[in-house]
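Structure assessment
Next come the chains, spelled out residue by residue.
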Amino acid sequence: MTLMCYNKNMTKHIIKLTKRSRYSYSVTVPKEIIEKYGWRSKQKLVVVDKGRGKLEIKDWKKKK
């Protein structure tokens, strides 16, 4: 599976899905996107399946 995203200059990035182990895969996110949202290394994120090949990635919020 190959994903495409665009940076602020509308440059297209081709992103490859990589198999990490028997049960998991990973996607490399461009640096521009990480900086835009202020994410850090080892930060917890939530991935939500929106259907039709769309995923939503957002900050993980600790439940009180």
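Procedures and definitions
- Residues numbered from 1 in each chain as written.
- Predicted model: local features only at pLDDT ≥ 70, side-chain atom pairs only at ≥ 80, totals over all residues.
- Heavy atoms only, no water.
- Phe/Tyr/Trp six-rings, centres within 6.5 Å; stacked < 30°, edge-to-face > 60°.
- Buried < 20%, exposed > 50% of the residue type's maximum accessible area, 1.4 Å probe, protein only.
- Lys NZ or Arg CZ within 6 Å of the ring centre and 35° of its normal.
- Helix = DSSP H or I, 4+ residues; strand = E, 2+ residues; numbered from the N terminus.
- Contact = heavy atoms within 4.5 Å.
- Salt bridge = Lys/Arg side-chain N within 4 Å of Asp/Glu carboxyl O.
- Patch = residues over 30% accessible without salt bridge, like charges linked within 9 Å, V, L, I, M, F, W, Y side chains within 5 Å.
- Areas by Shrake-Rupley, 256 points an atom, 1.4 Å probe, with all protein chains shown as cover.

Following the criterion strictly, the structure yields 1 aromatic pair and no others. With a centroid separation of 5.4 Å and 25° between ring planes, the pair formed by tyrosine 37 and tryptophan 39 is classed as stacked. Classification of tryptophan 39 by relative accessible area gives buried; the value is 14%. For lysine 44, the ring lying beneath its charged end belongs to tryptophan 60, and the centroid distance is 4.4 Å.

Here we take up the environment of tryptophan 60. Looking at where tryptophan 60 falls in the secondary structure, it is placed in the segment after strand S5 (54-59). When the C-alpha positions of tryptophan 60 and lysine 44 are compared, they lie 5.5 Å apart, and in sequence the two are 16 residues distant. If we skip the residues at most four places from it in the chain, tryptophan 60 touches Lys44, Leu45 and Val46.

Using the criterion set out here, one finds 3 salt bridges in the structure. Among the ionic pairs, glutamate 35 bridges to lysine 31, the shortest N-O distance being 3.8 Å. Here lysine 31 and glutamate 35 lie together in helix H1 (residues 31-37), a separation of 4 residues that amounts to about one turn. A residue is classified by how much of its surface remains accessible, and glutamate 35, at 54% relative accessible area, is exposed. Of the charged contacts in the structure, one is a salt bridge between glutamate 56 and lysine 50, with a shortest N-O distance of 3.9 Å. Owing to a relative accessible area of 29%, glutamate 56 belongs among the partly exposed residues under this scheme.

Let us look at a nonpolar patch on the surface. Judged by side-chain polarity, Leu17, Tyr25, Val27 and Val29 come together as a nonpolar surface patch covering roughly 330 Å² of accessible area. Its place among the elements puts valine 29 in the loop between strand S3 (25-27) and H1. Under the relative-accessibility criterion, valine 29 is labelled partly exposed at 31%.

Interpretation in functional terms is not warranted from these geometric data alone.
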